[in-house]
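# Coordinate inspection notes
Each chain is listed here by its residues.
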Amino acid sequence: MSRYNAAEIEANWQKAWDKAEVFKAERIEGKPKYYVLEMFPYPSGKLHMGHVRNYTMGDVIARYKISTGHNVLHPMGFDAFGMPAENAAMAIGGHPKTWTYNNIDQMVEQMKPLGLSLDWSRMFATCDPEYYGQQQALFLDFLQEGLVYRKNAIVNWDPVDMTVLANEQVEGGRGWRSGALVERKELTQWFFKISDMADELLGALDGLDNWPAKVKLMQANWIGKSRGLQFAFERVDGGEAISVYTTRPDTLNGASFVGISPDHPIAKAMEGDAEVDAFLAKARAGGTTEEAIETAEKLGFDTGVKVKHPLTGEELPVWIANFILMEYGTGAIFACPAHDQRDLDFCRKYDLPVIDTFFALDDGAPVTTEAFVPMKSEKVRWVEHFAGLDVATGEEAINVTIDKAEAEGWGEGVTKFRLRDWGLSRQRYWGCPIPVVHCDDCGVVPEKKENLPIVLPDDVSFDQPGNPLDRHPTWRDVPCPSCGKPAKRETDTMDTFVDSSWYFARFTAPNAATPTNMADAEYWMNVDQYIGGVEHAILHLLYARFFARAMHVCGHLPESAKEPFDALFTQGMVTHAIYQSVARTKQGDPRGEGIGYTKYHYPDEVKELHDLDGEKYAVLLADLEAIGLDAEDSASVNRQRMVDGANWENAKLTKLEVIPSAKMSKSKNNVVDPVTIIEAFGADTARWFVLSDSPPERDVEWTASGAEAAHKHLSRVYRIAAELDAGEAGSPEADEQLLRETHKAIHDVTLGVESFGFNAAIAKLYGFTNTLAKSKAGGAAKRDAAKTLAQLMSPMTPHLAESIWEMLGGEGLCTLAPWPVADEALLVEDSVTMPVQVNGKRRAEITVPKDMDKAEVEKLALAEHAVQRALDGNAPKKVIVVPGRIVNVVA
RNA sequence: GCCCAAGUGGUGGAAUGGUAGACGCGUCGGAUUCAAAAUCCGAUUCCUUAACGGGAGUGUGGGUUCAAGUCCCACCUUGGGCACCA
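Counting restarts for each chain, with residues numbered from 1 along the sequence as it is written. Chain labels run from A onward and ligand labels from 1 onward, assigned in the order the entries are written. Predicted model: local features are reported for residues with pLDDT of at least 70 only, side-chain atom pairs are reported and counted for 80 or more only, and whole-chain, interface and lining totals are derived from all residues. Only hydrogens and water are removed before side-chain values are computed, so all heavy atoms of the structure are retained for them.

### Quick notes on the pairing of strand 1 (residues 33-38)
Regular strands show a simple pattern: their side chains alternate between the two faces of the sheet. For each residue, the accessible area found with a 1.4 Å probe, counting protein chains only, is set against the maximum for its type, and the residue is called buried under 20%, exposed over 50%, and partly exposed in between. Per the convention used, a helix needs a DSSP run of H or I reaching at least four residues, while a strand needs a run of E reaching at least two, with both numbered from the N terminus. Most of strand 1 is tucked away, with six of its six residues classed as buried. Side chains Lys 33, Tyr 35 and Leu 37 of strand 1 all project onto a buried face; the interleaved residues Tyr 34, Val 36 and Glu 38 project onto the opposite face, where all are buried too. Think of it this way: DSSP has to see at least two bridges between two strands before they count as a pair. Two elements, strand 1 and strand 2 (residues 71-73), share three bridges in a ladder whose sense is parallel. Bridging across to strand 2, Lys 33 finds its partner in Asn 71. Note on handedness: a clockwise path from strand one over the helix to strand two, with the strands aimed away from the viewer, defines a right-handed crossover. Assessed by its sense of winding, the connection that carries the chain from strand 1 through helix 2 (residues 49-67) to strand 2 is right-handed. Inspection of the sheet shows strand 1 paired to strand 25 (residues 529-533) by three bridges, in the parallel sense. Across the sheet, residue Glu 38 finds its bridge partner in strand 25, namely Ile 531.

This is the structure:
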């Protein structure tokens, strides 16, 4: 009898699938298609367990759909532009292109052994000129349709390196390399008009029934539709009125000042005054992220400008405040400190008045240090409302205020969105060049389509900060496509989010001479199942939804593909324990001598153990070796631990602390390399494990013991199949029982696969394997059950399934065999066991025929000894019988 | 700071509002073996009891319900996102 040899069978079956081209996707009109897509990876060069989990999930779906008769498209590519390649070029030399393509080769090599059902012939990288050339064509089409435009926007500026920084390159308000304080600087940049589609993108979320509710909620909040009042404050000095937008116009009576953004025209007009400039410099310091702005210290500057309150005519001061964004609303607000914590903090700091406009119904205490911010749906008592309200909800008050303002003509109800236009310009080399030329005479001129792709030059260097394209005259200086005079290419490249916003469409026709091919797009779109991390819940998915719409406008996608992802699944991370000990620095250590620091140990350097309470700890393999112990001999190791006693200080073994479930990170030495795992156990074990231990949407902790257990189980399944004796006799009752269990397994596993309950499906498969192993059924019946088991395991462990299928005489490839269908008649049981509760506490259990009358069930339940005892002689007040489920007696 | 999730035995986790802890790991006991590996069988939430039983229990505190891990409110902790990381 042969033993389970994963390395051997996996290589063989992968060859067999390749030879039969089972995963090559061709359009077959009339055959139902299924497009499954996992978010493509960034080519870091190292495959990560998180990738394995992501692709395995997609693979389970893809393989399941193949066996249910679908024509499956399951492609893979690389999101290959971006900063890491430039960083590598700066750090270790070389060219981003070489670095990236080498990494892609390595990752493909690491992915292939996983046995994924991918159509590799469709593979591309976004840095292929064939891909980004088509992206440039899309850009030109968008430009023509008015979906792209230029305006000024703020970037992080490093004044020492004289370069633009990404948000992640700003650490604590300073540039990551120079350490200089980062400034906000305005540049003219390209934007996609995503805000034009804000309402559409929001409304269409309703139709996405197979998207996680949390993702839709996050997108809805991000788009942020709000109805408010827009009106102007007249300036006392007669200058241009200040337009403000507010979602709480009902609190206008509580206004204590008008706040404007540091980038507001009024603030800009005051530049040149030393005091103002000093303040603006302070207000503009720090990063551009919303987080940085919201958490920065609130700073204000009194402009001296006064405005008139539109209702009371009272004078209000105008302050510049660093937390007001120019991009949202009008860049100016009125502050109502009594009902907004941020405004309150600001007013207390600068000694501005706080005016209560309403109180809670049961509390009339004025606001002191905590703003009173009830929900808009809550009723409050107004101090003196200009529209005469006494008790009303915020919502009602807002509407009344807007109506009044419109009737009196001093303001207007306006719907606004939080969503800003998508800035796509990046002052970097390794990205898709923006295909326009700047001409002194003609202005911004689009490249001619026949000149595409505008290819990145190879002869660049990264020895100085800034964009190499800027200092590359032969690439940059070109004749104007319109008038032919000397002109300059746009040297900004595109945000890498652009690259990932349409790759799913390109996969339907990766070699087309246009961005897409309509016939292919019509056949393959939409993506039936999209799988990736929650970290992409907002930006990537929103941009892709925008792109699909924009591509439709330009005729690159059919109307039906405007919402490109029919179903979305967001999977969790793969985590791993950290093994740490406290070490002391040695003589001559630059940190100083004898200082304690945390030392992280690699998983393959340690042996994980459990003490008598089951608590996890670990010891170093090197320590075990030193005292001559075998790491596999847990009993001896434990004995040594007992000898060492409770006092670890004097022990021969170093006790390592085990920190569970930490994100895998190089600096913590807790990364598990899939390649090592595949070499040790095989791809099927890795696939089985990443699916088995946690629900797919949650994080899964990679543990060595879990991986070993997975491998042990797969070996067991192989052995059970290999040892089957088809001629063995059995009882008809056992045959029947096994058949019933088989169909229950088919039902449960199918349900698990279809509903992304992979861990539950695997639990059923464990149970079914145990049933099969213990069954007294005859050989023939067992063989049929084992064949079904192989089929049910096939999406998760395809290589093992093929081997068992072949061993048991299955016809053709297991991968192509039709998925088994559960016979409903075999699923029903004729009797059912019901718990009996008294006052919600379980006291007994009764087994009754499935369709027994409620009254009969009640009688049987009350007759139970334990129920009588619990009732203690009292008559039940009420008896609830839920047929087939439970009996609850209320005493 | 704002938005969104998640918290269940020693451990990963299971549970259409209906028996909390399926299945796996670990631990303990047993079988097999000269011995081991491998394999197989059994026990395993906590407290209490000789036992039968009894009590408590799903991050914390309230609430709705015949019945709450599940629904509602408040809080705590952890994770994700915050527009130039991908």
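### Section: the sheet that holds strand 35 (residues 878-882)
In spatial order, the strands read 34-33-36-35; together these four strands make up an open sheet with mixed pairing. A single partner strand is all that each edge strand has here, and the edge strands are strand 34 (841-849) and strand 35. Each neighbouring strand pair of the sheet contributes to a mean axis angle of 20°, computed without reference to strand direction. Summarising the sheet, strand 35 and strand 36 (residues 886-890) pair through five bridges and their orientation is antiparallel. Note on strand 36: the bridge partner recorded for Val 882 is Ile 886. Note on method: axes are straight lines fitted to C-alpha atoms, helices fitted across the in-contact stretch only, with angles between N-to-C directions ranging 0 to 180 degrees.

### A word on the pattern of salt bridges
One side chain can pair with another of opposite charge once the charged atoms of both are near each other. By convention in these notes, a salt bridge is any Lys or Arg side-chain nitrogen within 4 Å of a carboxyl oxygen on Asp or Glu. Here the structure, examined in full by the defined rule, presents 33 salt bridges. A salt bridge links Glu 29 to Arg 27; its shortest N-O distance comes to 3.2 Å. By relative accessible area, Glu 29 is classed as exposed at 57%. Among the ionic pairs, Glu 294 bridges to Arg 342, the shortest N-O distance being 3.2 Å.

### Some points on the confidence of the model for chain A
Residue-level pLDDT values for chain A average 87, and 91% of them are 70 or greater. The weakest mean pLDDT in chain A belongs to helix 19 (residues 634-644) at 52; the strongest belongs to helix 15 (residues 503-506) at 98. Across the predicted assembly, pTM comes out at 0.89 and ipTM at 0.92. Note on scores: pLDDT gives the predictor's confidence for each residue, bounded by 0 and 100.

### A few points about the side chain of Ser 117
Take Ser 117: it is sitting in the loop between helix 4 (96-111) and helix 5 (129-144). Engagement of the side chain of Ser 117 in a polar contact is seen with the side chain of Asp 59, the distance being 2.5 Å. Whether two residues touch is decided by their heavy atoms; if any such pair falls within 4.5 Å, the residues are in contact. Leave out the neighbours within four places in its chain, and Ser 117 touches Phe 23, Asp 59, Ala 62, Arg 63 and His 74. Each polar contact in these results corresponds to two N or O atoms within 3.5 Å; when the atoms are within protein, one needs to be able to donate a hydrogen and the other to accept it, and residues that are neighboring in sequence are counted only if both atoms are side-chain atoms.

### Examining the nonpolar core
Note on terminology: a nonpolar core comprises buried Ala, Val, Leu, Ile, Met, Phe, Trp, Tyr and Cys residues joined through side-chain atoms within 4.5 Å. Core analysis: the largest hydrophobic core is formed by 152 residues, its most contacted members being Phe 142, Tyr 503, Phe 504 and Phe 547. With sequence-adjacent residues up to four places away left out, Tyr 503 is seen in contact with Leu 37, Glu 38, Met 39, Phe 40, Phe 124, Tyr 131, Tyr 530 and His 540.

### Some thoughts on the protein's contact with RNA strand B
The cutoff for a nearby residue is simple: one of its non-hydrogen atoms must lie within 4 Å of the molecule or strand. If you check the shell around RNA strand B, you find 67 residues, and the closest are Asp 79, Asn 167, Arg 428, Arg 885 and Asn 888. Counted by atom, the contact set of RNA strand B within 4 Å of the protein is 65% sugar and phosphate. For RNA strand B, a base nitrogen lies 3.0 Å from a polar atom in the side chain of Gln 427. Between Arg 843 and RNA strand B, the recorded distance is 3.4 Å, taken from a side-chain N or O atom to a phosphate oxygen.

### Focus on the environment of Val 836
Tracing the backbone through its elements, the reader meets Val 836 in strand 33 (residues 831-838). The class of Val 836 is buried, set by a relative accessible area of 0%. Residues Val 836 and Ile 846, ten residues apart in the sequence, show an inter-C-alpha distance of 7.2 Å. With sequence-adjacent residues up to four places away left out, Val 836 is seen in contact with Lys 841, Arg 842, Arg 843, Ala 844, Glu 845, Ile 846, Ala 861, Val 867, Val 887 and Val 889.

### As for the sheet that holds strand 20 (residues 436-439)
Judged by pairing direction, the sheet is antiparallel, and its four strands sit side by side in the order 21-20-23-22 without closing on themselves. Two strands close off the open sheet at either side, each with one partner strand: strand 21 (443-446) and strand 22 (477-479). When the angles between neighbouring strand axes are averaged without regard to direction, this sheet yields 40°. Sheet analysis places strand 20 next to strand 21, joined by four bridges and oriented antiparallel. The residue of strand 21 that forms the bridge with Val 436 is Pro 446.

### Details of helix 22 (residues 704-722)
How far a helix is expected to stretch is found by multiplying one less than its residue total by 1.5 Å. The end-to-end C-alpha distance of helix 22 is 27 Å, a good match for the 27 Å that 19 residues give at a rise of 1.5 Å each. In this structure, the buried residues of helix 22 make contact with helix 20 (674-681), helix 21 (683-692), strand 32 (700-702), helix 24 (758-774), helix 25 (779-793) and helix 26 (798-807).

### Comments concerning the packing of aromatic side chains
When the centres of two rings from Phe, Tyr and Trp lie within 6.5 Å, Trp using its six-membered ring, the rings pair. Their planes under 30 degrees apart give stacked, over 60 give edge-to-face, and anything left gives tilted. All told, the structure shown has 42 aromatic pairs when counted by the stated rule. Here the aromatic rings of Tyr 429 and Trp 430 are separated by 6.1 Å at their centres, their planes lie at 20°, and the arrangement is stacked. Note on Tyr 429: relative accessible area 0%, which makes it buried. Cation over ring: Lys 151 sits above Phe 191, and NZ or CZ is 4.7 Å from the ring centre. We count a charge as sitting over a ring when the NZ of a lysine or the CZ of an arginine lies within 6 Å of the ring centre and within 35 degrees of the ring normal. The ring centre of Tyr 245 lies 5.2 Å from the NZ or CZ of Lys 416, which sits over that ring.

### Examining the pairing of strand 8 (residues 225-235)
Both strand 8 and strand 17 (residues 411-417) contribute to a ladder of seven bridges, which runs antiparallel. Directly across from Arg 227, in strand 17, lies its bridge partner Thr 415. Bridge count between strand 8 and strand 9 (residues 242-246): five bridges; the pairing is antiparallel. Residue Ala 232 lies in a different strand from strand 9, and its bridge partner there is Ser 243. From the end of strand 8 to the start of strand 9, which pair antiparallel, there are six residues, and Gly 238 there has a positive phi angle of about 85°. One ladder, built from two bridges, connects strand 8 with strand 11 (residues 300-308); its direction is antiparallel. Each residue of the ladder has a partner; that of Arg 235, found in strand 11, is Val 307.

### Digging into unusual backbone geometry
A negative phi angle characterises most non-glycine residues, just as the trans form characterises most peptide bonds. The residue after Leu 452, namely Pro 453, is reached through a cis peptide bond having omega -5°. Mapped onto the fold, Pro 453 is located in the loop between strand 21 and helix 13 (473-476). Looking along the chain, the bond that leaves Met 525 and enters Asn 526 is cis, with omega of 5°. Position of Asn 526 among the secondary structure elements: in the loop between helix 16 (518-524) and strand 25. Phi is positive for Glu 21, close to 50°, though the residue is something other than glycine. Mapped onto the elements of the fold, Glu 21 is located in the loop between helix 1 (6-20) and strand 1. For Phe 756, which is not glycine, the phi torsion reads 60° and is therefore positive. Judged by its relative accessible area of 7%, Phe 756 is buried.

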